[in-house]
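# Geometric and topological summary
Below are the chains, spelled out letter by letter.
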Amino acid sequence: MARLIDENFEGTGYEESWTETMYAGNTLDEDSTIPGTPPTGSGSQCLKAIMVAGTNLDAYTTRVVSNQNIIYARAYVYFETEGFNNTETSGGILRCNNSAVALAFRIIIGQNSGVFQARLDYYSASAIQSTAWVNISLGQWYRFEVQYDITNNLWEWRIDGTTQHSGSLSANTRIPYNLIVGILTTTSSGTTTTYTDLVAWDDTTWVGAESAGLSIPVAMNQYRQRWA
């Protein structure tokens, strides 16, 4: 098992190398205090993204891993506010592109008939496919996980360890290249605020829930801060 990304947002700045994209007026803070009841295994900080009302506004950060056939992605996400009207959606809160910046998969959020929901979009059979919507709520942490495996032609997504939908990929597919968290390309009538923590990419198996013990990056960051 190889952990290609293991970002916990502890200490000052990012633990790993990320590139931010943000429109004026929006907010992206990788040193934000964690809201609500923190996920097990988290530290004291997380990524906060605020997208104000507008069109195609971004507040996200990207970590490039380079071409990998298999991605098991994980991100814990907390929704503080959502500013969507009916049928308005985001371009993703957890997203993977190929090297040509074309979508491999994304978890998007939005509102349908007054209900706040999420779904998975993924690229298979030369087109973007979409699952059914799943209800989500404000004010609580969710563990989102996605499998996109072009070696074994499998896809699946989970919320808090429970499979929402799964299936087989077929040509053409796209080679995972990066992982993106925050809020992407959104049309929204109001302000949307999310928090993200414990972001991971494994190339072998599901990452699953974070353990109660500190991960190596968190422990090392705290050690450096103590002796700085």
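Nothing here was measured: the structure is a model prediction, and the numbers come from that model. (Residues numbered from 1 in each chain as written. Predicted model: local features only at pLDDT ≥ 70, side-chain atom pairs only at ≥ 80, totals over all residues. Heavy atoms only, no water.)

## Considerations on the overall build of the protein
For the protein, the count of helices and strands is one helix and 16 strands. For the protein, whose C-alpha radius of gyration is 17 Å, the value lies close to the compact-globule estimate of 17 Å for 228 residues. For the protein, the spread of C-alpha atoms along the principal axes amounts to about 55 × 40 × 30 Å. Classification of the 228 residues of the protein by burial places 54% in the buried group. Pairs at least 24 apart in sequence give 68% of the contacts found in the protein among residues at least 6 apart. In the form shown here, the protein has an accessible surface area of approximately 9,400 Å², with 45% of it arising from carbon and sulfur atoms. One finds the centroid of the 12 positive side-chain charges in the protein at a distance of 3 Å from the centroid of its 22 negative side-chain charges. (Helix = DSSP H or I, 4+ residues; strand = E, 2+ residues; numbered from the N terminus. Rg over C-alpha atoms; globule rule 2.2 N^0.38 Å. Buried < 20%, exposed > 50% of the residue type's maximum accessible area, 1.4 Å probe, protein only. Contact = heavy atoms within 4.5 Å. Areas by Shrake-Rupley, 256 points an atom, 1.4 Å probe, with all protein chains shown as cover. Lys, Arg positive; Asp, Glu negative; His and termini not counted. Charge placed at Lys NZ, Arg CZ, Asp CG, Glu CD.)

## Re the environment of Gly11
Its place among the elements puts Gly11 in the loop between β1 (3-7) and β2 (19-22). The class for Gly11 is buried, based on a relative accessible area of 9%. Linking Gly11 and Ile136, residues 125 residues apart in sequence, is a C-alpha distance of 30 Å.

## Points about the pattern of salt bridges
Side chains bearing opposite charge may pair, as long as their charged atoms lie close to each other. Counting across every chain of the model gives eight salt bridges. In this structure, Glu210 and Arg74 form a salt bridge, with 2.8 Å as the shortest nitrogen-oxygen distance. Of this pair, Glu210 sits in the loop between β16 (192-202) and α1 (216-227) while Arg74 sits in strand β6 (residues 70-81); the two residues are 136 residues apart in sequence, bridging distant segments of the chain. For the pair Glu210 and Arg74, a shared accessibility class is recorded, and that class is buried. Among the ionic pairs, Arg158 bridges to Glu156, the shortest N-O distance being 2.9 Å. An identical accessibility class is assigned to Arg158 and Glu156; each is buried. By sharing partners, the salt bridges in this structure join Arg3, Asp6 and Asp202 into a single network. (Salt bridge = Lys/Arg side-chain N within 4 Å of Asp/Glu carboxyl O.)

## Notes on the packing of aromatic side chains
Under the counting rule described, the total for this entry stands at twelve aromatic pairs. Relative to Trp141, the ring of Tyr78 has its centre 5.5 Å away and its plane inclined at 50°; by these criteria the two rings are tilted. Placement of the pair is Tyr78 in strand β6 and Trp141 in strand β12 (residues 141-149), with a sequence separation of 63 residues. Accessibility classification places Tyr78 together with Trp141 in one group, the buried group. Between Phe84 and Phe116, the aromatic rings sit 6.5 Å apart at their centres with planes inclined by 20°, giving stacked as the arrangement. Highlighted residues: Phe84 in the loop between β6 and β7 (94-97) and Phe116 in strand β9 (residues 115-124), separated in sequence by 32 residues. When its relative accessible area of 3% is taken as the criterion, Phe84 is described as buried. Judged by relative accessible area, Phe116 falls into the buried class, the value being 6%. Taken together, the ring pairs connect Phe79, Phe84, Phe116, Tyr142 and Phe144 into an aromatic cluster. (Phe/Tyr/Trp six-rings, centres within 6.5 Å; stacked < 30°, edge-to-face > 60°.)

## Here we look at the confidence of the model for the protein
Scored by pLDDT, the protein comes out at a mean of 92, with 93% of its residues at no less than 70. Contacts for the low-pLDDT stretch residues 215-228, under 50 throughout, to residues beyond four places or in other chains number 15 contacts. (pLDDT = per-residue confidence, 0-100.)

## A word on the nonpolar core
Of all hydrophobic cores here, the largest spans 45 residues; its most connected members are Phe105, Phe144 and Trp157. Ignoring anything within four residues of it in the chain, the contact list for Phe105 reads Ile71, Ala73, Leu94, Arg95, Cys96, Leu120, Asp121, Tyr122, Val146, Tyr148 and Leu179. With seven residues, the next largest nonpolar core counts Ile34, Cys46, Tyr76 and Tyr78 among its residues. (Core = buried A, V, L, I, M, F, W, Y, C linked by side-chain atoms within 4.5 Å.)

## Here we look at the side chain of Asp121
Mapped onto the elements, Asp121 comes out in strand β9. At a separation of 2.7 Å, a polar atom in the side chain of Asp121 contacts the side chain of Arg119. At 2.7 Å, the side chain of Asp121 forms a polar contact with the side chain of Ser130. Residues contacting Asp121, with those up to four places away along its chain left out, are Leu103, Ala104, Phe105, Arg106, Ile108, Ile128, Gln129 and Ser130. (Polar contact = N/O pair within 3.5 Å; in protein donor to acceptor, adjacent residues only side chain to side chain.)

## Quick look at the pairing of β16
Sheet faces and side chains relate simply in a regular strand, where the side chains alternate between the two faces. Taken across its eleven residues, β16 has eleven buried, putting it largely inside the fold. In terms of strand pairing, strand β4 (residues 45-51) meets β16 through five bridges, oriented antiparallel. When the bridges of β16 are listed, Leu47 appears paired with Thr196. Of the pairings in the sheet, the one linking β6 to β16 comprises eight bridges and is antiparallel in character. In the strand pairing of β16, Arg74 is matched with Ala200. (Pairing = 2+ DSSP bridges.)

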